[in-house]
Each structure stands twice: as C-alpha cells, then as structure tokens.
Amino acid sequence: MIGSLWRYSHFLLALISALFLIVAAVTGAILAVEPVSVATQPYGVVALDKVPLSQTVAALKEQYSEVLDLEVTPEHFVKASVFTDEGDSETIFINPETAEKLGLVTAQSSFFSFVTNVHRSLFLKSIGRAFVGIASFLLCFIAVTGVFLLAQRQGGFKNWFVKVRESDFGQRYHVILGRWFLVPLIVVAATGVFLSAEKFSLLPDSSNVQGAVNSTSEIAIEEPLIKPLLFQNITLDAVRKVSFPFSEDPEDYYQLELRDSELLVQQHTGQVMSEAPYPFVKMASLWSTKWHTGQGNVIWAIVLLLASLSLLFFIFSGFSMSLKKRKKATSLKQKWTKDEAEYILLVGSESGNTHVFANAFSEGLIESGKKVFVTTLNEYSTYDNATHLIVFTATYGDGDAPTNACKFEALVKAIQPLQHLKFAVVGFGSIVYPKYCLFSIKIDALLHSHNHFSPIMPMVKINNQSDIAFYDWVKKWNELTASTIMVVLPLAVKTSVEEHRFEVLERTALNIDDTFILRLKLKENLAFQSGDLLSIIPPNSETARRYSIAEINGDVLLSIRAHHKGLCSEYLSTLRVGDTILANIEKNESFHLPQNAPSVFCIANGTGIAPFLGMASKNEDQPFHLLWGGRGEDSLSVYKKYIKKHLSVENVTKNQNGIKTYQVAYSQNRKKTYVQDMLLKDQIEVANKLKEGGVFMICGSMAMQQSVLETLEHITKTQLKQPLRDFENKGQLLMDCY
C-alpha cells in the first residue's frame, strides 16, 4: 500500500509540475555551462591562501588614486572597483599580489541574462518566481518519492547499485540515471526552494548583519596604517568582499565580508570595532546560491548540467512509460460481466506487459467458446457462474505485489467464494532478480491453502516475458483441460538493430530428434562469448528468434531443433555451407562462464547444451561438470566430438581442465532417466557443491528448468536446511531457458 502511495504521488507531482520543470531543466542546463566558461578565464594567477589581505590592500592604494572595494569571486578571481589617476572609474580583475590590472569586468552576456530571467521567473516577475519556487518544492517531493520507488524496485537500499536488466531503453535508463542523479536533483530542488522563500521574505531577515561597535571617541587621528596588523592575519581565500572607507573620518571603517562573518575595522589603528558572525539563514543563503548555480566549482557545474539533462529524460521517459502501461493495460471490451463468465482472469502488472499475455489468453478462450472476464487482482470479488480462476502476475521490487495486485491477499481472506473454483497461476519475472516471481509464489501458496480452490496444474514461472515459455504453458493447459485453445501473442515490432553478416561453415544432417549443428563465421570484428544470444529474423517474419550460442575458436556454434512449421528453424535447416545470413548478437551477461568459482555445474537438455560446449572450450582452471538429458544415444551423436575434445583426461597435457565430469540421462531408454533424477542420485555431492559456492547453470526447456529447480529445492532443504533462494541470491544459480 505504501509503495502505491509513493508511486501515485511521484506521478501526480510530476504531472502537475511538468511544464515548469521542463523550462527549469532546459534553462538550468544552459546556465550550468556559464560557471565552466567563466572558470576558464585567465584571472586566477595565484593561490589566494598564500596572499595576505594586507598585501593586496597596500598594492591597491599604491596603484590607484581611490579604491571603493575589492571582491573575491567564487572562481577565486580578485576584482576591484577603483578610480585611476586620470579620474576614470573601472571595475577590473587584478593580480592580488601587485594590483596589476588583468582585464575589465564585463557584464553577464545578454544570452545568459535572458536565460537567467527565464529560469528565475519566466519573465513573469514575482508571479513567475512563485511558480518556479512551487515547482522546485514539488521537485523535492518527486525526487524523494523516486528514492523510495527505486529502493523498492531494486529490492532495498542494499541493492541500490545492482545491475539493471530492463530491456526497454526508457525504463532502463530511468533507473540508471535516477540512481546517479537523484541526490544532485534533491540538492538543486531544495536550494531552489530556499532561494525562492528568501526572495519572498518567508525566512528571518539576514541582510542586516551588525555587531556592537566599540567607542572611538578617544581614538587619536593618526596617519592611516598602510598595513593594518589584522589584515596580515587574513588571507584572501577567507575574504568575500572588502569595502574601503570613503574618508579619513575615524568612524568611517573598512567593512570586511568574510566567509562566515562581517568585521568593521578602524582605518587608522587596525582595531576591530565590530564582529558579527553570520546567522544560519545567511550562511544557508550563501551555500544555497553556490550549490544551486555551481559557481566556482567546475566539477559541480558539470554535475548540475548532467542532472538538468537527466531531469528532462526523467520527464519524457516517465510519461512514456505511463502511456505504454496504460495502453497495454487497456481492458478488452468485456463481452460478459463478472457474474456471467465461466473463466475469470486476474492480472497483476506494474509495467502493463503482463496484460498482453492475459489478453491474448482471454481471446483464445473466447474463440474456443468460453465466457471470459478479465480484471486486476485488486478487483477480486465473488462470481456467480465462474468455474476457473487464472492468475497472471508479475513481481515488483523486493518480492512485492504490483500496484494493481496489492489488495489481493486481503481480499481472498475476506471474501468467501460462492462455489469451488479451479485455479492456475502464471508468474512473470526475471531470474536476474533475487526474488524471482516471489509474489506469484505467495499467491499460488495462498490459493492452495484455501478450501474453495483446487489447482489445475503447478505454478509456472516465465522468465523475461518469453513467448516460447508462454506457448509451452498454453500447451500444458490444453493437455490438462482437454482444450484446443489457440493463443496468438502480438507480433514483436521489428526494431532497427544492427545486423551482421555470418557465413555458414558447417551444417550437420538432422539426427533422430531433428536436431542439427550450425557453425557460422562472423564476417566482421565483434566481441562475443558463449552464452550470448544470436537473434535472427527469418524471411517473411517480423519476430526475432533467439538462440543461445557457443563461441569456439571465434566461430558461432548453434544447436537447433527443426520444428514443423517453425519459421526460423526451417529456414536455418535449409542453409548450405557458404551461404550468408544476417543476424545480431545480443549480450547475455547474466549467463557467461563465471570466473573464479570453486566449481561450475552445467545442466542442459536437448539443444540447451550449445553454450556449455563453448564454455568448456574456454575453461582452464575451474572444475567443470556437465549433465545433459536427451531422448537416446543417437540424440548425443551431433555433440560427441565436442564433448570428447574437451574431456579433462585428454586436456591434461595442455594444462586445461575442460570438462572434468560428464553424465548423460536418456528419457526414451528402457529405464527412463531425466537430469533431475541424476541430481537426486548425487544429492550429497550437489549439496556440497552449493555449500562450497559452486555455480549451477541451467539451459534448455522451461519444463526441464522447473523440474531441476524443484529437485534442487528438495536437496537444499533436506541436506543443507536452507531454501534454494539463499543460493540464488548469492549468484550461484544462472538460467537461460525458453
């Protein structure tokens, strides 16, 4: 519930202040350039902490007929207002040691003056300043809510800088830039609010800084001191401004504005007549100006520039994400009410992507003659004629419910169903996050524990919105419910990714499983690793098919099963040696051979063995164990030469480990064996590998992955008294299944 409050507040505040924030961000980015350009001027000739104020004062009096004041700028330049011997008035930059003129002080350029006025008041004077101040105030809250949303999304502040795996550009960089620039934006917003409040006299008055003045009635007028002793103890780096006395009257003083106080100094004796520390409001004003403008600090000015640009990106990407979510979450035109429908589909989604799958399944049910009603988990209610309840839900942040599903658990406990319902749960998530599909696991357990619900099938997790995994779930649904539902997901938009040319070096014949090996040579220089994905869009299609690849001697190795009416696999099965294809390699950094792991245990079935063949070829100093499942011995034929080549026994003279052990499970032999059976058989060794920090990698079908995970869960709980997620959170479980 709190997460929803942060989210709605974040969006609403951004919506209200968007126009003003866009103007402030654009003008702020431009103004951040000014301190950088000023700092490049050649007026910082000496280190001010080495120059006593007395030296500069004496040099000015010697060089000029009259001195009005001197000022140290934020860039540590020294400027002075003087009258020359010719009687001309000038404001100049000087060498603080000699008072030599370095250049004239010029007014702010008309361009930066224009931008400054827009930034401060939108040319609306006081009304404009009020609007800008309010927008800054709202930006403070937007940034604060953003901090908590980011923490929630990342699974807590401890995971603040965990790598972001979002594939959508806007979502990905909304998070990445947010992590880096939220603090600068909070600083800018807070200082902007303070300066606006000061402008409208909403803070205690700090303009009149005065201390008690010592009596000067008994001070004799003497020849003015050229080097008052006090000035010898103050260096220029501690000075902001010195106003010189207008006459030789004893009560006409030097007025010194230091970094934290003001002094009045008797011009004849150097006696401090008054000392007044700045009040907090005055100091806060000085610091707010410095931090808001970046004056005198090039690095901070650059940070402000980047923060202003990032604010523009946050505004546009944030609204873009909201529009996409709204579009995806748009409900189907309901043909039946909740009390008329037989099938109730409940959706939990943060980004709207889960609605795409729910709507596609809904259309399939309707085409098969079923009455369907689709709604969110938060709208769970009673249903007069329902027989089935299907839950499609994602997990948000640290295993939490999406916004539109946060009330479901309470509703299930409060509402008594009118009749017994069969249910199924489909969880959507990404295995790179520690609490993968945790909310869907909670929902599945909740419904299992309820007397009015009975499961149709075990809960299924779908990684990275895999359409293949989803179609596999629909296939199982049809088998278990004796249905013939046809589901069609919307075609992925063909994006303009950079494609590369690959030449076919080898294509084996189909084996008994209709599987073949395809070896490709990249015609360009491109770095890739085993475990990366080859993305191919076959002719007459808009949808890319991805294959997990092996890198062997710089070549790409694919293991492909030719599916009947499979557009991509059939296309690849017709290739001949010498043919050229276009494809793109996508980095898959979450599925590379781990470095410095105590051991690596690779589990695959079918064509999922491909990336492990490449990893074995590169393995040098880690115990590498391979466990593969296939239908029969003939299924292994296409892989045998690669496995034998990298067995550690044959590589011992080359000082390579290769494959230390390798086991095969055949599902179509007289005694059927699956990879999970072999894991269970060696459960003590498996438990020891996990305890020692060994990494388990899984590649192949989603059904195999589910069985392997259930087996590993059993092993860790019985042998180690720990849930499997403890090891998953440590990065010991890497998966790439479809």
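Preceding this paragraph is the structure being described.
Because the structure is predicted, anything quoted here is derived from the model rather than measured.

Colleague: I keep staring at the overall build of the chain and nothing clicks. Help me out?
Modeller: A tally of helices and strands in the chain yields 21 helices and 26 strands. Classification of the 738 residues of the chain by burial places 49% in the buried group. Long-range pairs, those at least 24 residues apart, make up 70% of the contacts in the chain with a sequence separation of at least 6. Taken as a whole, the chain presents about 36400 Å² of accessible surface, with 55% of it coming from carbon and sulfur.

Colleague: Help me out: how do you make sense of the sheet that holds strand β18 (residues 545-548) in this one?
Modeller: Each strand in a sheet pairs with another by means of backbone hydrogen bonds, the pair being arranged parallel or else antiparallel. One open sheet accounts for seven strands, arranged β18-β17-β21-β15-β16-β20-β19; its pairing is antiparallel. Among the strands making up the open sheet, the edge pair consists of β18 and β19 (550-552). If you compare each strand with its neighbour and ignore which way they point, the axes differ by 40° on average. Examined bridge by bridge, strand β17 (residues 533-536) and strand β21 (residues 580-586) share three bridges and lie antiparallel to one another. From the neighbouring strand, Ser-535 faces β21, where its bridge partner is Asn-584. Strands β18, β19 and β20 (555-561) of the sheet are contacted by helix α15 (residues 610-618), whose axis makes an angle of about 35° with β19.

Colleague: Is there a simple way to think about a nonpolar patch on the surface in this case?
Modeller: A grouping of Leu-124, Ile-127, Phe-131 and Ile-134 is seen on the molecular surface, where their side chains present a nonpolar patch of about 380 Å² in accessible area. With respect to the helices and strands, Ile-127 occurs in helix α5 (residues 125-154). By relative accessible area, Ile-127 is classed as exposed at 55%.

Colleague: When you look at the nonpolar core in this model, what are you seeing that I'm missing?
Modeller: A general trend in soluble globular proteins is that nonpolar side chains are found buried together. In terms of nonpolar packing, the biggest core is built from 55 residues, with Leu-345, Phe-361, Phe-392, Phe-470, Trp-473 and Trp-477 touching the most fellow members. Top contributing element to this core by residue count: helix α20 (residues 702-719), with six residues. Residues contacting Phe-361, with those up to four places away along its chain left out, are Leu-345, Ile-390, Phe-392, Phe-470, Trp-473, Val-474, Trp-477, Ile-485 and Val-487. Membership of the second largest hydrophobic core comes to 29 residues, among which are Ile-552, Ala-616, Tyr-642 and Val-695.

Colleague: What am I meant to see in the pattern of salt bridges here?
Modeller: Two side chains that carry opposite charge are able to pair once their charged atoms sit near each other. Following the criterion strictly, the structure yields 11 salt bridges and no others. Between Asp-339 and Lys-338 there is a salt bridge, with its nearest N and O atoms 3.2 Å apart. A relative accessible area of 23% places Asp-339 in the partly exposed class. In this structure, the salt-bridge partner of Glu-713 is Lys-717, at a minimum N-O distance of 3.6 Å.

Colleague: What's the story with helix α4 (residues 110-121) in this structure? I'm lost.
Modeller: Because each turn of an α-helix spans 3.6 residues, side chains separated by three or four positions in sequence point in the same direction. Over its 12 residues, α4 extends 16 Å from the first C-alpha to the last, a length consistent with the 16 Å expected when each residue adds 1.5 Å. In the segment just after α4, Leu-122 is the residue with positive phi, at about 60°.

Colleague: Explanation requested: the pairing of strand β14 (residues 460-463) in the structure shown.
Modeller: For a regular strand, side-chain orientation follows a simple rule: the groups alternate between the two sheet faces. Residues Val-460 and Ile-462 line one face of β14 and the alternating positions Lys-461 and Asn-463 line the opposite face, and both faces are buried. Note: strand β12 (residues 421-429) against β14, four bridges, orientation parallel. In the strand pairing of β14, Gly-427 is matched with Lys-461.

Colleague: Is there a simple way to explain the pairing of strand β26 (residues 733-737) in this structure?
Modeller: The buried count for β26 comes to five of five residues, which makes it a mostly enclosed element. The side-chain alternation of β26 yields two buried faces, one formed by Leu-733, Met-735 and Cys-737 and the other by Leu-734 and Asp-736. Bridge count for strand β25 (residues 695-700) against β26 is five bridges, and the pairing is parallel. Across the sheet, residue Met-697 finds its bridge partner in β26, namely Leu-734.

Colleague: Help me understand α15, please; the structure alone is not making it clear to me.
Modeller: The buried fraction of α15 is high, at eight of nine residues. Those residues of α15 lying buried are Ala-610, Pro-611, Phe-612, Leu-613, Gly-614, Met-615, Ala-616 and Ser-617.

Colleague: I keep staring at the sheet that holds strand β1 (residues 66-72) and nothing clicks. Help me out?
Modeller: Spatially, the eight strands line up as an open sheet ordered β4-β3-β2-β1-β5-β6-β7-β8, and their pairing is antiparallel. Looking at the sheet topology across the chains shown, the edges are occupied by β4 (101-104) and β8 (272-277). On average, adjacent strands in this sheet sit at an angle of 20° to one another, irrespective of strand direction. By the bridge criterion, six bridges tie strand β2 (residues 78-83) to strand β3 (residues 89-94) in an arrangement that is antiparallel. Counterpart to Ala-80 in the pairing with β3 is Ile-92. Helix α3 (residues 53-63) contacts β1, β2, β3, β5 (239-243) and β6 (254-258) of the sheet and is inclined by roughly 145° relative to β1.

Reading the values: the criteria
Residues numbered from 1 in each chain as written. Predicted model: local features only at pLDDT ≥ 70, side-chain atom pairs only at ≥ 80, totals over all residues. Heavy atoms only, no water. Helix = DSSP H or I, 4+ residues; strand = E, 2+ residues; numbered from the N terminus. Buried < 20%, exposed > 50% of the residue type's maximum accessible area, 1.4 Å probe, protein only. Contact = heavy atoms within 4.5 Å. Areas by Shrake-Rupley, 256 points an atom, 1.4 Å probe, with all protein chains shown as cover. Pairing = 2+ DSSP bridges. Axes fitted to C-alpha atoms, helices over the stretch in contact; angles between N-to-C directions. Patch = residues over 30% accessible without salt bridge, like charges linked within 9 Å, V, L, I, M, F, W, Y side chains within 5 Å. Salt bridge = Lys/Arg side-chain N within 4 Å of Asp/Glu carboxyl O. Core = buried A, V, L, I, M, F, W, Y, C linked by side-chain atoms within 4.5 Å. Expected span 1.5 Å × (residues − 1).

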